[in-house]
Structures are given as C-alpha cells and as structure tokens.
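So you can see what is in the structure, the chains are spelled out below.
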Amino acid sequence: MFEDKSQELTPISKLGEFGLIKHLTEYFPLSNESSELGVGDDAAVINPDNKKVVLTTDVLAEGVHFNLGYVPLKHLGYKAVVVNLSDIAAMNATPTQILVSLAVSNRFPVEALEEIYSGIQAACGRYKVDLIGGDTTSSNSGLVMSITAVGIENEENIVKRSGAKPNDLLVVTGDLGGAYMGLQILEREHAVYLANPNMQPEMEGYDYILERQLKPEARTDVKKILEELDIKPTSMIDISDGLASEILHLSDQSNVGFRLYEEKIPLDNLTISTADEMNLNPVMTALSGGEDYELLFTISSGDFDKIKNHPDFTIIGHAVEKEEGNFMVARGSNQLVALTAQGWDAFLSQ
C-alpha cells in the first residue's frame, strides 16, 4: 500500500478531519469561471451561466473495485477521477468540477492519502477540472472513495442514451478489451507474489494493457472531434462494463435492437496476443471485460462519409427495429450470436 518503510508516517488523528481536508486540498486552485466557491466553506458554489448542469457519481471500495496489493495509490486517485469524467463525456458535456469523499481506516497514514490526492491533482490538471469539495471520515474496513463529477453544457449539445433510431450506425472510439487483459496480468503476477514473495513480477512487454487498467483516460476529446466533423451522436454511453452490456443499455433506452459485427470490433495486437497466451477469446474481452472507458455511440447513417475513415472511430454495427433483437454477426459467416450482459457487476463479483 505505502512502500517507504523508513519514512516516519503521520497518523490521520494528528491532523483531525478538518485539518486533513485543508492539508490535502491546499494546492488545488480553481481554474473554471463556473467555479465561484470551492473547498473551505459549508458548500461549494458553481455558476452554470444559463447552461445545463450534468452530474454523476461513483463509489470505489477496496476489495471490490480495486486491490491495493498491486494498484498504486497515485494511480487509484487518478483513475477514480477519470471514471467519473468518462460519464460526463458520455453525455457529450464538458467536465468542470469534482467533489471527493474518502472513508479510511487507521492503517492509512496521512502520506498514503497524499499519494491518492497527488493522482487526483494530476487528473484535475490533465482534464482542467476543479476540486471544489468533499468529505473525509473513518472506516472499519479499508478504503472507500466517492467522487462526484459536474459538467456544464448547452442543452442542445447534450446526448442521452435514448436517441438511437433504426438504421443509425453504431460507432466506438479507440480499442477494446485491453483494460481487462491488463487486469489479468496484474492478478496473475499478484497471485505468484503471494505464493512466493521472492519471485519478481513479469510485467515487461505488457505496458499498454497495464496502463489501460491502471491509468485509463476519459475520452473528453471526442466532443471536439465530432463537432469538427459536424456530427452530433443520436445516443451515447461509455464502456465501463463491457461492450455487450453497453449495447444492451442503448437498446433498452432507445427502444431499438442492434447488429454488432464481430470482425469490426477494434482490438489492439497486445490485447489479442495476451488473450491468446491466457487461452481467452480476445473478442470476449471486449464484449464482457469492461473498464475501457471508450465511448460507444450512434450516428445517423447520413453521417457515414464524415466518419468512415477517421482513425479515432470504428463503425461496428447498426441499429434495427426493437423486435429484431440484439445479436453479434459472427466473423466469416452470417451466424447470429445473441448479445448478453456478462459485463462486470459489483454485486455479483463478491
């Protein structure tokens, strides 16, 4: 968890709750005009300037969402911010503020929380969002983090999950399955370490998929790219629980079905080779793996020429009438494979 054994560590009780908050947040200046009042008062104040406010929140619990046996605290802080900003990006909105709350047990010294907040600060700087509040409390069972993200956007730009129509094209950003394969490498090497602490972890050559798991990025850049292409998605969602699960969410909210083409699913070569190494089907890592934090969206078929050759996007299918259902068209054939929600579920993973 916190590796420097020689360092004299500071118990949280030495600072107290309010002293801790002040200590952890003193180097978070406000940069957004909409942030009128940040940390230090009873509540924050934001001024949306006649725009719509978009809100999202996520809870990350030790032992459920992350394992401190192999997740560095700085990476954890960074990722906790990113997963929330990804939800804002999935609404085609601009993230502007976050609030951070922590529940920590007494095994965590102040220096460990400094590591978490250094990751949070790095994410705030990378995505130009302001930390404007939060809370800290004690915990009897490890570390729990809750982050709320705020986005501000003109109403006409916001994209929901509910706007897809039959014949719309299904599009995804980036590549899929890498985060899941990165997790498999981390779990494998952690198990080896627990069995024999003298064994050195074999991480070399897996950099890309390890980064996809430990330090993902939110696709906040997609909004501007689509604006430059003069495309507004008809529906959108981020890929946190696996491609199949997210397609089914769009299907449910938009009241359409989908055809996904297996051969079109974008997979990185390292994802494919690592899946092969572990006797896993690479396509299943994309369908059910999750934590890629790419964006899945639909566009009008009339926008095909605008997006067809763009390196950031892959057209992977299309919408059909609801009664036609949700199926993947298998590679090299016309066989239809029913899409099922086998993505990660916190309540089914304990």
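Residues numbered from 1 in each chain as written. Predicted model: local features only at pLDDT ≥ 70, side-chain atom pairs only at ≥ 80, totals over all residues. Heavy atoms only, no water.

Under an unreviewed UniProt entry, the name given to the protein chain is Thiamine-monophosphate kinase, and the source organism is Chryseobacterium cucumeris. UniProt lists a comment for the protein chain under the heading Pathway (unreviewed entry), and it reads "Cofactor biosynthesis; thiamine diphosphate biosynthesis; thiamine diphosphate from thiamine phosphate: step 1/1." You can read under Catalytic activity (unreviewed entry) in the UniProt record for the protein chain the words "thiamine phosphate + ATP = thiamine diphosphate + ADP". (UniProt positions renumbered as here; feature names shortened; annotations may be inferred.)

Glancing now at the overall build of the protein chain. The number of helices and strands found in the protein chain is ten helices and 13 strands. Its C-alpha atoms give the protein chain a radius of gyration of 21 Å, near enough to 20 Å, the size a compact globule of 350 residues would have. Principal-axis analysis of the C-alpha atoms gives the protein chain an extent of 65 × 60 × 30 Å. When contacts within the protein chain are restricted to residue pairs at least 6 apart in sequence, long-range pairs at least 24 apart make up 86% of them. The centroid of the 26 positive side-chain charges in the protein chain is displaced by 4 Å from the centroid of its 53 negative side-chain charges. (Helix = DSSP H or I, 4+ residues; strand = E, 2+ residues; numbered from the N terminus. Rg over C-alpha atoms; globule rule 2.2 N^0.38 Å. Contact = heavy atoms within 4.5 Å. Lys, Arg positive; Asp, Glu negative; His and termini not counted. Charge placed at Lys NZ, Arg CZ, Asp CG, Glu CD.)

Further remarks concern helix α5 (residues 207-214). Buried residues of α5: I209, L210, R212, Q213 and L214, and no others. Among the structural elements, α2 (73-89), α4 (178-195) and α8 (269-277) are those in contact with the buried residues of α5. (Buried < 20%, exposed > 50% of the residue type's maximum accessible area, 1.4 Å probe, protein only.)

If you walk through the whole model with that rule in mind, you get two aromatic pairs. Between F28 and Y117 the ring centres are 6.2 Å apart and the planes differ by 90 degrees, which places this aromatic pair in the edge-to-face class. Residue F28 is located in the loop between α1 (16-25) and β1 (35-37), and its partner Y117 is located in helix α3 (residues 110-127); the two are separated by 89 residues in the primary sequence. The pair formed by F28 and Y117 is uniform in burial state, with each residue classed as buried. Between the aromatic rings of F297 and F313, the centroid separation amounts to 5.7 Å while the plane-to-plane angle is 90 degrees, which identifies the pairing as edge-to-face. Of this pair, F297 sits in strand β10 (residues 295-299) while F313 sits in strand β11 (residues 313-321); the two residues are 16 residues apart in sequence, bridging distant segments of the chain. For the pair shown, F297 and F313 are each scored as buried. Residue placement shows R126 over the ring face of Y127; its charged tip is 4.5 Å from the ring centre. (Phe/Tyr/Trp six-rings, centres within 6.5 Å; stacked < 30°, edge-to-face > 60°. Lys NZ or Arg CZ within 6 Å of the ring centre and 35° of its normal.)

Bringing the sheet that holds strand β4 (residues 94-104) into the picture now. Here we have four strands laid out as an open sheet, ordered β3-β6-β4-β5, and mixed in their pairing. Where the open sheet ends on each side, the last strands, each with one partner, are β3 (52-61) and β5 (130-138). Taken pair by pair, the neighbouring strands of this sheet meet at an average axis angle of 15 degrees, ignoring direction. In this sheet, strand β6 (residues 144-153) lies alongside β4 in antiparallel orientation, the contact comprising nine bridges. The residue of β6 that forms the bridge with L102 is M145. Strand contacts of α2: β3, β4 and β6, with the helix running at about 40 degrees to β6, the strand carrying the most contacts. Across the face of the sheet, α3 comes into contact with β4, β5 and β6 while running at roughly 175 degrees to β4. (Pairing = 2+ DSSP bridges. Axes fitted to C-alpha atoms, helices over the stretch in contact; angles between N-to-C directions.)

All right, on to the UniProt feature "binding site: Mg(2+) 1" (unreviewed entry) in the protein chain then. Mapped onto this numbering, the UniProt entry gives "binding site: Mg(2+) 1" (unreviewed entry) at T57, D58 and D135. Across 79 residues in sequence, these annotated residues keep their C-alpha atoms within 14.4 Å of one another, forming a single compact spot. Positionally, T57 belongs in strand β3. Excluding residues that lie within four positions of it along the chain, T57 makes contacts with N84, S146, I147 and T148.

With a phi angle near 85 degrees, N167 is a residue other than glycine that sits in the positive phi range. Turning to its location among the elements, N167 is positioned in the loop between β6 and β7 (169-173). Phi at E291 takes a positive value of approximately 65 degrees, unusual for a residue other than glycine. Positionally, E291 belongs in the loop between α9 (282-288) and β10.

What follows deals with the packing of α4 against α8. The description of two packed helices rests on the angle between their axes and on the distance between the axes. Orientation of α4 relative to α8, taken along the N-to-C sense of each, is 45 degrees, at an axis distance of 9 Å. In terms of axis orientation, α4 runs oblique to α8. Seen along the crossing, α4 lies across α8 with a hand that is left-handed. From α4, G178, M181, I185 and R188 reach across to α8, where they touch T271, T274, A275 and E277. When the residues that make up the contact of α4 with α8 are grouped by side-chain class, the tally is three nonpolar, three polar and two charged. (Parallel < 35°, antiparallel > 145°, perpendicular 65-115°, else oblique. Left-handed = near helix turned anticlockwise from the far one by under 90°. Nonpolar A, V, L, I, M, F, W, Y, C, P; charged D, E, K, R; others polar.)

Moving on to the UniProt feature "binding site: substrate" (unreviewed entry) in the protein chain. In the numbering used here, UniProt assigns the "binding site: substrate" (unreviewed entry) feature to H65, E291 and W344. With residues up to four places along the chain from it excluded, the contact list for E291 reads K79, A179, R212, Q213, I239, S240 and D241. Of note is the side chain of E291, whose polar atom sits 2.9 Å from the side chain of K79. (Polar contact = N/O pair within 3.5 Å; in protein donor to acceptor, adjacent residues only side chain to side chain.)

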